[in-house]
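# Report on the structure
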Amino acid sequence: MPGSAIRLPSEGLCRGEVHIWLADSVAMRAECERMTDFLSDDEIIRLGGFKSVQAHDTYLVGRVTLRRVIGRYLDCDPKDLRIAAGQHGKPILVEQRQRAQVEFNVSHAEQVVGISVARRPVGFDVESTERCVDIGALSQRVMSVAERAAIFSNCGIEAQRSCFLRYWTRKEAVLKRDGCGLSRDPTGIETAESMTQCGRIFSFAPRPGYIASVAGSEMLTTISLFDPAHGSEPTGIVPVMKTKIPTIGRSHGGPDAW
Ligand SMILES: CC(C)(COP(=O)(O)OP(=O)(O)OC[C@H]1O[C@@H](n2cnc3c(N)ncnc32)[C@H](O)[C@@H]1OP(=O)(O)O)[C@@H](O)C(=O)NCCC(=O)NCCS
C-alpha cells in the first residue's frame with residue numbers, strides 16, 4: 001500500500017514519549033495528492049472548500065500524513081481509520097480500541113505541518129516566529145497577569161515577541177491536549193512552569209524560524225522528531241527536563257537539511 005513508506009522506530013512508542021512527525025506541505029504536496037484515496041468523504045469535501053492554496057495544501061498534507069502515520073502505529077490501512085471531531089472540534093479516533101492505543105494532535109504554521117503522537121492525551125502547537133502579532137492587544141485577551149508581566153519585563157520588542165509566542169504556543173498546546181479549544185478562558189491557564197497540575201508542557205524550535213510547544217501527561221519524558229519522508233531515525237530529540245529552548249537539528253545533517 002502507498003503509505004507503507006513511513007517507518008516507525010523499532011522501539012515503538014513508550015508511555016512517556018511524544019513522537020512528532022514534521023512535514024513540509026510544499027515538498028510533500030505532490031506525493032500526498034497521489035494518496036487522496038486515504039481520505040474520508042468528509043475530508044475530501046473539506047479539501048475542496050479551501051480558497052487559499054496554502055490552506056488547501058496544509059490540510060491535504062496534514063490529513064494524508066496523519067492517516068499514514070497513525071495507520072502505521074495501529075498497523076492498519078490509513079483509509080480504514082475513522083476520524084471524527086470531538087465536542088469542540090478535536091479530531092479523534094472513533095474506535096475506542098484504537099483510541100486506547102494512540103493519541104494524536106495536528107498543528108500547522110505556514111508550510112510546516114506537525115503531527116504529535118503519544119500514548120496519553122497530547123496537544124501540539126507550532127507557530128512561525130515571523131508571525132505578525134499585536135502583542136499588546138492579544139496579551140490582554142489571552143495571557144494571565146503573571147504572563148503579561150513576564151512578557152513586558154523583556155527589553156525590546158523582539159524579546160517580548162519571542163516570550164509572547166512561547167506562552168501562546170504553550171497555551172494552545174494545553175487547550176488542544178484537553179480538546180476544549182477556545183471554549184476555555186486562556187487567561188486562566190498558567191504556562192510559565194514546565195510541570196503543571198494537569199501535566200507537562202515543553203517548548204522548542206523545531207526548525208529555524210518556528211517555535212513549537214507540546215503539552216502531555218505528567219509522564220512526558222522525551223519528545224522525538226521524525227520526518228515522514230525519511231523514516232525511523234529521529235531527526236532530533238528534545239530532552240524534556242531542560243528549561244531553555246533548544247533548537248533541533250537533524251542527527252544526520254544540520255537544521256537546514258529540512
Ligand atoms: C482550533 C484551535 C484548536 C487551534 O487553532 P490554530 O492554532 O489556529 O491552528 P493549528 O494549526 O495549531 O491547529 C489546527 C488543528 O488543530 C486540530 N484541532 C481543531 N480543534 C481542536 C480542538 N478543540 N482541540 C485539539 N485540536 C483541535 C485540528 O486537527 C486542526 O487541524 P485540521 O483542521 O487541519 O485538522 C483553537 O485553539 C483556535 O481556534 N485557536 C485560535 C487562535 C487563538 O485565539 N488562540 C488563543 C489561545 S492562546
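Read on for an overview of the structure. (Residues numbered from 1 in each chain as written. Predicted model: local features only at pLDDT ≥ 70, side-chain atom pairs only at ≥ 80, totals over all residues. Heavy atoms only, no water.)

### What to know about the packing of aromatic side chains
Per the counting criterion, the structure on display carries three aromatic pairs. Judged by centre distance (4.9 Å) and plane angle (25 degrees), the rings of W21 and F226 are stacked. Of this pair, W21 sits in strand β1 (residues 17-24) while F226 sits in strand β10 (residues 222-226); the two residues are 205 residues apart in sequence, bridging distant segments of the chain. Accessibility expressed as a relative area gives 0% for W21, which makes it buried. A relative accessible area of 1% means that F226 is categorised as buried. (Phe/Tyr/Trp six-rings, centres within 6.5 Å; stacked < 30°, edge-to-face > 60°. Helix = DSSP H or I, 4+ residues; strand = E, 2+ residues; numbered from the N terminus. Buried < 20%, exposed > 50% of the residue type's maximum accessible area, 1.4 Å probe, protein only.)

### Some remarks on helix α1 (residues 25-33)
Within the span of α1, buried status applies to S25, M28 and C32. The arc that holds every buried residue of α1, seen down its axis, measures 75 degrees, which confines them to one face. Away from its buried face by more than 90 degrees, α1 exposes V26 and A27. Taken together, the buried residues of α1 touch β1, α3 (53-74) and β5 (112-118). A distance of 2.9 Å separates the backbone nitrogen of V26 from a side-chain oxygen at the start of α1, and that oxygen is part of D24. (Arc of directions from axis to C-beta. Contact = heavy atoms within 4.5 Å. Polar contact = N/O pair within 3.5 Å; in protein donor to acceptor, adjacent residues only side chain to side chain.)

### Details of helix α7 (residues 157-178)
Here α7 spans 31 Å end to end across 22 residues, near enough to the 32 Å set by a 1.5 Å rise per residue. Just downstream of α7, G179 is the residue with a positive phi angle, here 75 degrees. (Expected span 1.5 Å × (residues − 1).)

### Structural notes on the packing of helix α6 (residues 145-152) against α7
At a minimum axis distance of 8 Å, the contact between α6 and α7 shows a crossing angle of 150 degrees. With respect to their mutual orientation, α6 and α7 come out roughly antiparallel. In contact with E147, A150, I151 and F152 of α6, α7 contributes Q160, C163, F164, Y167 and K171. Of the residues belonging to the contact of α6 with α7, the class tally is six nonpolar, one polar and two charged. (Axes fitted to C-alpha atoms, helices over the stretch in contact; angles between N-to-C directions. Parallel < 35°, antiparallel > 145°, perpendicular 65-115°, else oblique. Nonpolar A, V, L, I, M, F, W, Y, C, P; charged D, E, K, R; others polar.)

### Looking at the site of the ligand
As a matter of local geometry, the ligand sits amid 22 residues, with H88, S107, H108, E172 and K176 nearest to it. Bound to the protein, the ligand loses 80% of the 900 Å² it would expose on its own. Of the pockets mapped on this structure, the ligand occupies the largest pocket. For the shell around the ligand, the elements supplying multiple residues, two or more each, are α3, β4 (103-109), α5 (135-142) and α7. With five residues, α7 is the largest single contributor of residues to the shell around the ligand. Its residues assigned to classes, the shell around the ligand comprises seven nonpolar, seven polar and eight charged. (Near = heavy atom within 4 Å. Areas by Shrake-Rupley, 256 points an atom, 1.4 Å probe, with all protein chains shown as cover. 1 Å grid on protein atoms, 1.4 Å probe; cavity = no way out; pocket = protein on both sides within 12 Å on 5 of 7 lines; lining within 4 Å. Sits in = over half its atoms within 2 Å of the grid points.)

Fair warning: the whole summary comes from geometry, so function is off the table for now.
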